[in-house]
Amino acid sequence: MTTEPHSSGSPYTSYAAIGDSFTEGLNDPGADGHFRGWADRVAERLAALRPDFRYANLAVRGRLLDQIVEQQVPAAIELKPDLVSLCAGGNDLLRPGADPDRMAKTLARAVRDLRGAGADVVLFTGVDPRDTPLMRQVRGRCAVFYLHVRSIADLYGCHLVDQWSMQALRDWRAWSEDRLHMNAEGHRFVAAKVCEVLGVPSQDDWRHIWPPREQVDRRAKLREDRLWVREHLLPWVGRRLRGTSSGDTVTPKRPGLEPYA
């Protein structure tokens, strides 16, 4: 199903975003104590085009693909939105033994259910992890999974946001200090890409070209790396060993479809 454009410029009166920390909006601070993120930014654009627009964000940081499919997909279907964005699997791919083929089958079932409920669906490939220390080792399985995502989008008639091609996200200036989550600039670029895919006007350009970077002193870079290991990598590894998640006590920031002001 493809929704026809409305005379106001947007075909969508309602949008539900589901996923993990990426869709929740870490680390793009909002004005109300919650994170903002690319999904909120897209909702702002859609709300500007439709006075009757409503928005829900069910994403929770740390969620695995199976958890998103079991918990968030049925909740999104129950809301009956016109548009659903689904980005999941990044947390799975970081874990030893992750099977991108099995993950793709799980994702395909979720997309089939969402499309069967009448929603337009937006899917995402991830960013090429070649420059990311923690994810570089799993680049092969990431590539396999994201090729599956492209195939699923084609099979079920979904919109596809290809972050692998977004060169602006290959620069560390688009990422926060933890090197796993985008900062406000990164989320702004992704929102611009989503808007382009949806045919929605945006004031930003995801093809941003960064100015040349200043040379960083090698000793300063080593200090930054040690600080990152102590403050971000070791706590992340500790949570994996304990079987806990940063989202264990977190609830969705917008569990129901509501007007977006």
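Quantities reported herein were computed from a predicted structural model and do not represent experimental measurements.

Focus on the pairing of strand 4 (residues 120–125)
In step 1: Along strand 4, six of the six residues are buried, which leaves the element largely enclosed by surrounding structure.
In step 2: Of the two faces of strand 4, the one holding Asp120, Val122 and Phe124 and the one holding Val121, Leu123 and Thr125 are both buried throughout.
In step 3: One ladder, built from four bridges, connects strand 3 (residues 83–87) with strand 4; its direction is parallel. Note on strand 4: the bridge partner recorded for Leu86 is Leu123.
In step 4: Bridging between strand 4 and strand 5 (residues 159–162) involves four bridges; their strand directions are parallel. Bridging across to strand 5, Phe124 finds its partner in Val161.

What to know about helix 7 (residues 184–198)
In step 1: Compared with an ideal rise of 1.5 Å per residue, which puts 15 residues at 21 Å, helix 7 spans 21 Å between its outermost C-alpha atoms and is within 8% of the ideal.
In step 2: Residues Gly186, His187, Phe189, Val190, Ala191, Ala192, Lys193, Val194, Cys195 and Leu198 constitute the buried set of helix 7.
In step 3: The inward-facing, buried residues of helix 7 abut helix 1 (21–24), helix 2 (37–49), strand 3, strand 4 and strand 5.
In step 4: Two or three places before Glu185, at the opening of helix 7, Asn183 has a side-chain oxygen 3.0 Å from that residue's backbone nitrogen.
In step 5: Looking one or two places after helix 7, you find Gly199, whose phi comes out positive at around 75°.

A look at the packing of helix 2 against helix 7
A pair of packed helices is characterised by two quantities: the angle between their axes and the separation of those axes.
In step 1: Where helix 2 contacts helix 7, the axes come no closer than 8 Å and their chain directions differ by 45°. By the angle between their axes, helix 2 is oblique relative to helix 7. Helix 2 and helix 7 meet at a crossing whose hand is right-handed. Counting all contacts with helix 2, which are made through Gly37, Trp38, Arg41, Val42 and Arg45, the residues of helix 7 involved are Ala184, His187, Arg188, Val190, Ala191, Val194, Cys195 and Leu198.
In step 2: Each residue belonging to the contact of helix 2 with helix 7 can be placed in one class, and the counts come to eight nonpolar, two polar and three charged.

Observations concerning the packing of helix 3 (residues 65–79) against helix 5 (residues 100–116)
In step 1: It is the contact of helix 3 with helix 5, at a shortest axis distance of 10 Å, that shows an interaxial angle of 0°. Taken together, the axes of helix 3 and helix 5 are roughly parallel relative to one another. The residues of helix 5 that touch helix 3, namely those facing Leu65, Asp66, Val69, Val73, Ala76 and Ile77, are Arg102, Met103, Thr106, Leu107, Ala110, Asp113 and Leu114.
In step 2: Among the residues forming the contact of helix 3 with helix 5, the class breakdown is nine nonpolar, one polar and three charged.

Some details on the side chain of Arg115
In step 1: Here Arg115 is to be found in helix 5.
In step 2: Residue classification places Arg115 among the buried residues on the basis of a relative accessible area of 13%.
In step 3: A distance of 3.4 Å separates the side chain of Arg115 from the side chain of Asp120, its partner in a polar contact.
In step 4: Looking at Arg115, its side chain comes within polar contact range of the main-chain oxygen of Tyr156, at 2.9 Å.

So, helix 5
Think of an α-helix as 3.6 residues a turn; residues three or four steps apart then line up on the same face.
In step 1: With 17 residues, helix 5 should cover 24 Å at 1.5 Å per step; its first-to-last C-alpha distance of 24 Å lies within 8% of that length.
In step 2: All of the buried residues in helix 5 are Pro100, Met103, Ala104, Thr106, Leu107, Ala108, Ala110, Val111, Leu114 and Arg115.
In step 3: On its buried face, helix 5 is in contact with strand 1 (14–19), helix 3, strand 3, helix 4 (90–93), strand 4 and helix 6 (139–156).
In step 4: Where helix 5 begins, the capping side chain belongs to Asp99, and its oxygen is found 3.0 Å from the backbone nitrogen of Asp101.

As for the nonpolar core
In step 1: Ranked by size, the top nonpolar core spans 36 residues in total, and within it Tyr15, Trp38, Val42, Phe124 and Val190 carry the most contacts.
In step 2: Those elements that provide at least two residues to this core are strand 1, helix 2, strand 3, strand 4 and helix 7.
In step 3: What Phe124 contacts, discounting residues up to four positions off in sequence, is Phe22, Trp38, Ser85, Leu86, Cys87, Tyr146, Val149, Leu160, Val161, Gln163, Val190 and Val194.
In step 4: Judged by nonpolar contacts, the second largest core, of 35 residues, contains Ala119, Val121, Leu123 and Tyr146.

What about the side chain of Gln163?
In step 1: Structurally, Gln163 is set in the loop between strand 5 and helix 7.
In step 2: We classify Gln163 as buried; its relative accessible area is 3%.
In step 3: There is a polar contact of 2.8 Å between the side chain of Gln163 and the backbone oxygen of Thr125.
In step 4: Here Gln163 is in contact with Phe22, Phe124, Thr125, Gly126, Val127, Leu169, Met182 and Val190, once residues within four sequence places are set aside.

Notes on unusual backbone geometry
In step 1: The step from Leu26 to Asn27 runs through a cis peptide bond, and the omega angle for that step is -10°.
In step 2: Phi is positive for Lys80, which is not a glycine, with a value near 60°.
In step 3: Summarising the element assignment, Lys80 is placed in the loop between helix 3 and strand 3.
In step 4: Residues other than glycine seldom take positive phi values, yet Arg179 does so here, at roughly 65°.
In step 5: In this structure, Arg179 sits in the loop between strand 5 and helix 7.

What counts, and where the lines are drawn
- The numbers attached to residues start from 1 for each chain and follow its sequence in the written order.
- Only residues with pLDDT of at least 70 get local features here, since the model is predicted, and only at 80 or more are side-chain atom pairs given and counted; chain-wide, interface and lining totals rely on the full set of residues.
- Think of the side-chain values as coming from all heavy atoms in the structure, minus any hydrogens and water.
- Residue burial is assigned from relative accessible area. The probe radius is 1.4 Å, only protein chains are included, and a residue is buried under 20% of its type maximum, exposed over 50%, and partly exposed in between.
- Numbering of helices and strands runs from the N terminus, with a helix taken as a DSSP run of H or I at least four residues long and a strand as a DSSP run of E at least two residues long.
- The pairing criterion is simple: DSSP has to find at least two bridges between the two strands.
- Under the convention used throughout, the expected extent of a helix is 1.5 Å for every residue step, that is, one less than its residue count.
- Here a residue-residue contact requires only that any non-hydrogen atoms of the pair lie within 4.5 Å.
- The definition of a polar contact used here is a pair of N or O atoms within 3.5 Å, where within protein one atom must be able to donate a hydrogen and the other to accept one, and adjacent residues in sequence count solely through side-chain atom pairs.
- All axes here are fitted lines through C-alpha atoms, helices being fitted over the stretch that makes contact, and every angle between N-to-C directions spans 0 to 180 degrees.
- Should an angle fall under 35 degrees it is called roughly parallel, over 145 degrees roughly antiparallel, and 65 to 115 degrees roughly perpendicular, with every other angle called oblique.
- Handedness of each helix crossing follows the sense of rotation of the near helix against the far helix: counterclockwise by less than a right angle gives left-handed, clockwise gives right-handed.
- Residues are grouped as follows: Ala, Val, Leu, Ile, Met, Phe, Trp, Tyr, Cys and Pro are nonpolar; Asp, Glu, Lys and Arg are charged; all remaining types, including Gly, are polar.
- In these notes, a set of buried Ala, Val, Leu, Ile, Met, Phe, Trp, Tyr and Cys residues joined through side-chain atoms within 4.5 Å is what counts as a nonpolar core.

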